[in-house]
Amino acid sequence: MWIPPTPPLCDGATFPTSILSPAGPAASSLSDATWLVIGLCCAIGIVVEGLLVWAIISGRKRANQNAPGEPVQVFGSNKVELAWTIIPTIIVIVLALVTVRVIRDVDLTEPPPGALRVQVIGHQWWWEYRYPDSGVVTANELMIPVGRPIWLEVESADVIHSWWVPRLAGKRDVIPGYPTAFWFSSDEQGTFLGQCAEYCGTMHAGMLLRVEAVSASAFDAWIGQQQATPAAPQSQLAQEGHLVFQALSCSNCHSIKGTSDGLFGPDLTHLASRKTIGSGIVQLDEATLRLWISDPQVLKPGCNMPSLNLDPKQLSALVAYLWELH
Ligand code: HEC
Ligand SMILES: [Cu+2]
């Protein structure tokens, strides 16, 4: 049985995936509504259970005193009938109005002013992110500027997935042939975690989500760095790796700006600037990169990258090359 490696978590957050620990306005609307429903239900529960306990106790006292006959009957009491019709109606109306307001806040039909457009494409079993206004393409780690609304346009390349980062936004299904869009934003800098929330095949459990919220200036710097075409490989080994990458089928599945334009797998143009690989399942360092390329099926069995049976020399060259792609 495959047990997912412990993914690199984010620092700081006590509950990194709790909807009750919102980090932005969209998630706050949802958690406020959740608290209201929980609060109302608890109040109703306390009143109903209280009446029940009261009825049991007061009824039992009479039984102990051998009081004969039935208790007082309230059948047909207009007051009681009216109360238990009107009170629940008011509760339902309040919940409906609150829900409508939350839907109105959360489910916009157009991007909010000043929003940053990002496209997310769900693949078995990883996420592609495109920033259409700057031409940046990356995978699995969504970088956003703190405080600015994000307009996330959602598509699928294959089956139904679901994009869900609970501290930032509600769950959004990713349906093939049915593009949708929604907004969220983050008030806090930091890393936010999530998980594909719609069963999508073998590696569904290994399809994690990471959102990194940084300051506006750090975000602009990141965009600038991601737009750049990587410099020519430096070391001898990396130069060999560059040739191996082009000679093998790697280049058919992966894009590296200036080198290859495969679209089946994640864009690797600035791979080494990411913190994880395999859709968030393992931290990215040279050792895991080597392990991944030598046999991705060890780290993520069933994933759509084949093991290419490379010899150790090719492997070292590829790792040296990819590790220079900052
Ligand atoms: C048949 C297409 C295919 C081929 C060939 C292929 N890959 Fe991949 N690769 C993928 C897919 C699909 C993924 C995403 C797997 C996942 O996370 O589920 C991937 C993931 C990766 C990743 C991790 C990227 C990330 O950000 O998570 C690296 C690195 C990588 N491949 C390098 C290579 C190298 C180097 C080669 C050549 C030796 C290669 N790949 C050949 C399809 C391919
Ligand atoms: Cu999925």
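Check the entry above for the structure.
The following refers to the structure shown. Predicted, not measured: the structure shown is a model, and the values here were computed from it. (Residues numbered from 1 in each chain as written. Chains lettered and ligands numbered in written order. Predicted model: local features only at pLDDT ≥ 70, side-chain atom pairs only at ≥ 80, totals over all residues. Heavy atoms only, no water.)

With respect to the packing of helix α6 (residues 286-294) against helix α8 (residues 312-323)
Taken N-terminus to C-terminus, the directions of α6 and α8 make an angle of 130°; their axes are 10 Å apart at the nearest point. Accordingly, the angle class assigned to the pair α6 and α8 is oblique. When you trace α6 past α8, the crossing you get is right-handed. Here α6 contributes E286, L289, R290, I293 and S294 to the contact with α8, which in turn contributes P312, L315, S316, L318, V319, L322 and W323. Of the residues contributing to the contact of α6 with α8, the split by class is eight nonpolar, two polar and two charged. (Axes fitted to C-alpha atoms, helices over the stretch in contact; angles between N-to-C directions. Helix = DSSP H or I, 4+ residues; strand = E, 2+ residues; numbered from the N terminus. Parallel < 35°, antiparallel > 145°, perpendicular 65-115°, else oblique. Left-handed = near helix turned anticlockwise from the far one by under 90°. Contact = heavy atoms within 4.5 Å. Nonpolar A, V, L, I, M, F, W, Y, C, P; charged D, E, K, R; others polar.)

A short note on the sheet that holds strand β9 (residues 190-195)
The pairing of strands in a sheet happens through backbone hydrogen bonds and is either parallel or antiparallel. Read from one edge of the open sheet, three strands run β4-β10-β9, paired in mixed fashion. For this open sheet the edge positions go to β4 (141-145) and β9, each flanked by a neighbour on one side alone. In this sheet, neighbouring strand axes are inclined to one another by 20° on average, regardless of whether the strands run parallel or antiparallel. For β9 and strand β10 (residues 208-214), the ladder comprises six bridges, and the chain directions are antiparallel. (Pairing = 2+ DSSP bridges.)

Describing α6
Taken as a whole, α6 has its buried residues at T288, L289, W292 and I293. Projection of α6 onto a plane perpendicular to its axis shows the buried side chains occupying an angular sector of 130°, all on one side. For α6, the secondary structure elements touched by its buried residues are β13 (276-277), β14 (282-283), α7 (296-299) and α8. One side-chain oxygen at the N-terminal end of α6 lies 3.2 Å from the backbone nitrogen of A287; it belongs to D285. (Buried < 20%, exposed > 50% of the residue type's maximum accessible area, 1.4 Å probe, protein only. Arc of directions from axis to C-beta. Polar contact = N/O pair within 3.5 Å; in protein donor to acceptor, adjacent residues only side chain to side chain.)

Quick word on the environment of E324
Along the chain, E324 falls in the segment after α8. On the accessibility criterion, E324 (29% relative accessible area) is partly exposed. A sequence separation of 204 residues divides E324 from V120, and the C-alpha atoms of the two residues are 26 Å apart. Apart from the residues lying within four places of it in its own chain, the contact partners of E324 are A232, P233, Q234, S235 and A238. Only 2.7 Å separates the side chain of E324 from the backbone nitrogen of Q234, close enough to count as a polar contact.

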